[in-house]
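Architecture and fold: a report
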Amino acid sequence: MKLSHPLGHSWRQALAVYLLAASMAAGAAGPIDITVRADKPGATIDPAIYGQFAEHLGRLVYEGIWVGENSQIPHTRGYRDDVTAALKELGVPVLRWPGGCFADEYNWREGIGPRAQRPRKVNTHWGGVVEDNSFGTHEFMDFAELIGADAYVNGNVGTGTPREMAEWLEYMTAEGDSSLAQLRRKNGRDQPWKVKYFAVGNETWGCGGNMRPEYYADLYRHYVTFLKAPEGNKPLRIASGANGSGLPWTEVLMREATRHMDAISVHYYTLPTGKWDVKGKATKFTEDEWWATLARTWRMEWIVTEHSKIMDKYDPEKRVGLYVDEWGTWYDVEPGTNPGFLYQQNSLRDAMVAAINLNIFHAHADRVRMTNIAQMVNVLQAMILTDKEKMLLTPTYHVFHMYKPFRGARQLPVELAAPALVRGDLTVPTVTASAARDAQGRLHYALVNLDPRSAVSLRIKVSGATPNRLSGKILTADAMDAINTFEKPDQVKPTAFNGTRIRDGALHVEIPPKAIVVLSEVVRSEVGK
Ligand code: AHR
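Let me sum up the structure you'll find in this document.

Rules and cut-offs
- Residues numbered from 1 in each chain as written.
- Predicted model: local features only at pLDDT ≥ 70, side-chain atom pairs only at ≥ 80, totals over all residues.
- Heavy atoms only, no water.
- Near = heavy atom within 4 Å.
- Polar contact = N/O pair within 3.5 Å; in protein donor to acceptor, adjacent residues only side chain to side chain.
- Areas by Shrake-Rupley, 256 points an atom, 1.4 Å probe, with all protein chains shown as cover.
- Salt bridge = Lys/Arg side-chain N within 4 Å of Asp/Glu carboxyl O.
- Helix = DSSP H or I, 4+ residues; strand = E, 2+ residues; numbered from the N terminus.
- Buried < 20%, exposed > 50% of the residue type's maximum accessible area, 1.4 Å probe, protein only.
- Lys, Arg positive; Asp, Glu negative; His and termini not counted.
- Axes fitted to C-alpha atoms, helices over the stretch in contact; angles between N-to-C directions.
- Left-handed = near helix turned anticlockwise from the far one by under 90°.
- Contact = heavy atoms within 4.5 Å.
- Pairing = 2+ DSSP bridges.
- Disulfide = S-S within 2.5 Å.

1. Some details on the site of the ligand
For the ligand, the full set of nearby residues is Phe-53, Glu-55, Gly-100, Cys-101, Trp-126, Asn-202, Glu-203, Tyr-269, Glu-326, Trp-330, Gln-375 and Leu-380. Within the side chain of Glu-55, a nitrogen or oxygen atom sits 2.7 Å from an oxygen atom of the ligand. The fraction of the free accessible surface of the ligand (280 Å²) that becomes covered by protein chains is 94%.

Following this line, the structure appears as structure tokens:
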């Protein structure tokens, strides 16, 4: 249900107008009905939807992951132990590297061989700091193996040649005794690495070269022709995709290059104000900014729907994936930090953003087969923040952890008549939900109450299965902008949730304000009921 609302009013007023009209229509504000279609399972939720992004940006690679072999911070071969352990616990299905904008200025040959001899370059995109190349291909691949992630390498189109790109892939994957395979061995790696994903450029409409889609479509076809790897180790080839709602980009790429690609990307960032000059603060925001942020993140639903429609035209079998390989919140940097480092705090609002987006990705699992939240540590909507030897897990990390049962499960369609607020061209539902059945037959539910003031009652009917006893976790806090700090790292963390009952064949769930609940069946449902 949607109610339009005149511009100029606050989101809070929009909600009040909605609730009044809804209760007048319904007689009284009763529970919200949700139907989970266990009888109509959809696509499998690719675990790669839970991917992450690590760019040479700010304190992500250097300090966040890599402290070097001489560091006082506990580490294994230079990778800090606390971060590695947290990522292993979370499970990172895929890690994208080295950029981002950085990728289109990256020369892979400068990041191999003895570290002391690697060239020192200016990181022109991110703070103008010196990049000493001490974290290169070997360090990335070793780290990906350490945390159990598939490698997603982003190649350089902006300033690199097809030969450089082709040779990088050969260096990583060659089996025989070609000179590049020998060079890799000399640098310490005998066996080829598995490179599961390889992208041809990044944001080629912007920092990757300011290209037109027609020009890039030709360049893409050109570069990808020379990307060769041994049978069984051929990467999925990813074309650099659109900027958010830029549908013509996808149209042209799909029209000109569908048969040369396995996936096309799309990037979309959530800015509270929607403006790049003043994006909005990570903490100490108003309720209006809460709603504006969640409404802007809900735009992802439109983005994946509309790009998918174009893809369906050229690829009705859905062979080509839509990879949202950069997404998340982007705020004004924390006061006093380097503006080029994109360091921001991460609050309960970010947890909501994560949950809303994951629910959207699940619903589009037939086309959206990989996403990479930006970014892994200390940058934008990070999973983890560090301060020298200290580390904390953000609310976003906790959401990813709570959602683990969804990875690899079959998505179940959810019919949900939730109140939706409309303000100008922005719409946001006050509740979002996702459901899935895992390989063992157990059902899982993710339920999100966006309203920061009011609790919500949900009545969930499951068609095609009997509802069953559930156990689960809730993530919430007293304040909308509650955060974890290095002094108090556990202020926002999941706790056990006991707000469910089974009555009259339905699940009844009471969700407090501004909360995310993930529930799993204790035992398997009986199917066919
Ligand atoms: O994630 C930060 C930057 O955002 C990336 O480098 C770029 O691809 C995007 O514009």
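2. Focus on the pattern of salt bridges
Applying the stated criterion across every chain, the model contains 31 salt bridges. One salt bridge connects Glu-139 with Arg-115, and the closest N-O pair in it is separated by 2.9 Å. You can see Glu-139 sitting in helix α3 (residues 137-147) and its partner Arg-115 sitting in the loop between β6 (94-97) and β7 (121-122), a full 24 residues away along the chain. A residue is classified by how much of its surface remains accessible, and Glu-139, at 3% relative accessible area, is buried. For Arg-115, a relative accessible area of 31% translates into the label partly exposed. A salt bridge links Lys-313 to Glu-251; the nearest nitrogen and oxygen atoms lie 3.0 Å apart. With Lys-313 in helix α8 (residues 287-314) and Glu-251 in helix α7 (residues 247-257), this residue pair connects regions lying 62 residues apart in the sequence. Shared partners join several salt bridges into a network, and the residues in it are Asp-312, Asp-315, Lys-318, Asp-366 and Arg-367.

3. Points about the side chain of Arg-407
For Arg-407, the position within the fold is in the loop between α10 (395-402) and β17 (410-412). An unpaired buried charge is present at Arg-407: no salt bridge exists, and Glu-89, the closest side chain of opposite charge, is 9.3 Å distant.

4. Looking at the side chain of Arg-80
Mapping Arg-80 onto the fold places it in strand β5 (residues 79-80). Separated by 2.8 Å, the side chains of Arg-80 and Asp-82 make a polar contact.

5. Notes on the packing of helix α9 (residues 348-363) against α10
Between α9 and α10, the shortest axis-to-axis distance is 7 Å and the interhelical angle comes to 35°. For the element pair α9 and α10, the recorded crossing hand is right-handed. Between α9 and α10, the contacting residues are Leu-348, Asp-350, Ala-351, Ala-354, Ala-355 and Leu-358 on the first element and Pro-395, Thr-396, Val-399 and Phe-400 on the second.

6. Describing the sheet that holds strand β23 (residues 456-463)
Read across the open sheet, the 5 strands follow the order β18-β2-β23-β27-β26; overall the sheet is mixed. In this open sheet, the two strands that pair with only one neighbour each are β18 (414-416) and β26 (500-503). On average, each strand axis in the sheet is inclined to that of its neighbour by 25°, with strand direction left out of account. Inspection of the sheet shows strand β2 (residues 32-37) paired to β18 by 3 bridges, in the antiparallel sense. Bridge assignment links Ile-34 to a residue of β18, and that residue is Leu-416.

7. Overview of the state of the cysteines
Per the counting criterion, the structure on display carries 1 disulfide. The partner cysteine of Cys-101 in its disulfide is Cys-207, sulfur to sulfur 2.2 Å. Residues Cys-101 and Cys-207 share a disulfide whose torsion about the S-S bond is about -90°; that sign makes it left-handed. On the criterion of sequence distance, the pair formed by Cys-101 in the loop between β6 and β7 and Cys-207 in the loop between β10 (197-200) and α6 (213-225) is long-range, its members being 106 residues apart. On the basis of relative accessible area, Cys-207 is assigned to the partly exposed category, the value being 29%.

8. Structural notes on the pairing of strand β16 (residues 390-393)
Bridge count between strand β15 (residues 384-387) and β16: 4 bridges; the pairing is antiparallel. Bridging across to β16, Leu-385 finds its partner in Leu-392. Counting the residues that bridge the hairpin from β15 to β16 gives 2 residues, and of these Lys-388 lies at a positive phi of roughly 50°.

9. Some thoughts on the sheet that holds strand β28 (residues 515-521)
As summarised here, the arrangement of the 6 strands in space is β17-β21-β22-β28-β24-β25, forming an open sheet in which the pairing is antiparallel. Two strands in the sheet have a free side with no partner beyond their single neighbour: β17 and β25 (495-497). For this sheet, the mean inter-axis angle between neighbouring strands, taken without regard to orientation, is 25°. Bridge count between strand β22 (residues 443-449) and β28: 6 bridges; the pairing is antiparallel. The residue bridging Ala-446 from the neighbouring strand is Val-518, located in β28. Relative to strand β24 (residues 470-475), α10 is tilted by about 165°, and along the sheet it contacts β24 and β28.

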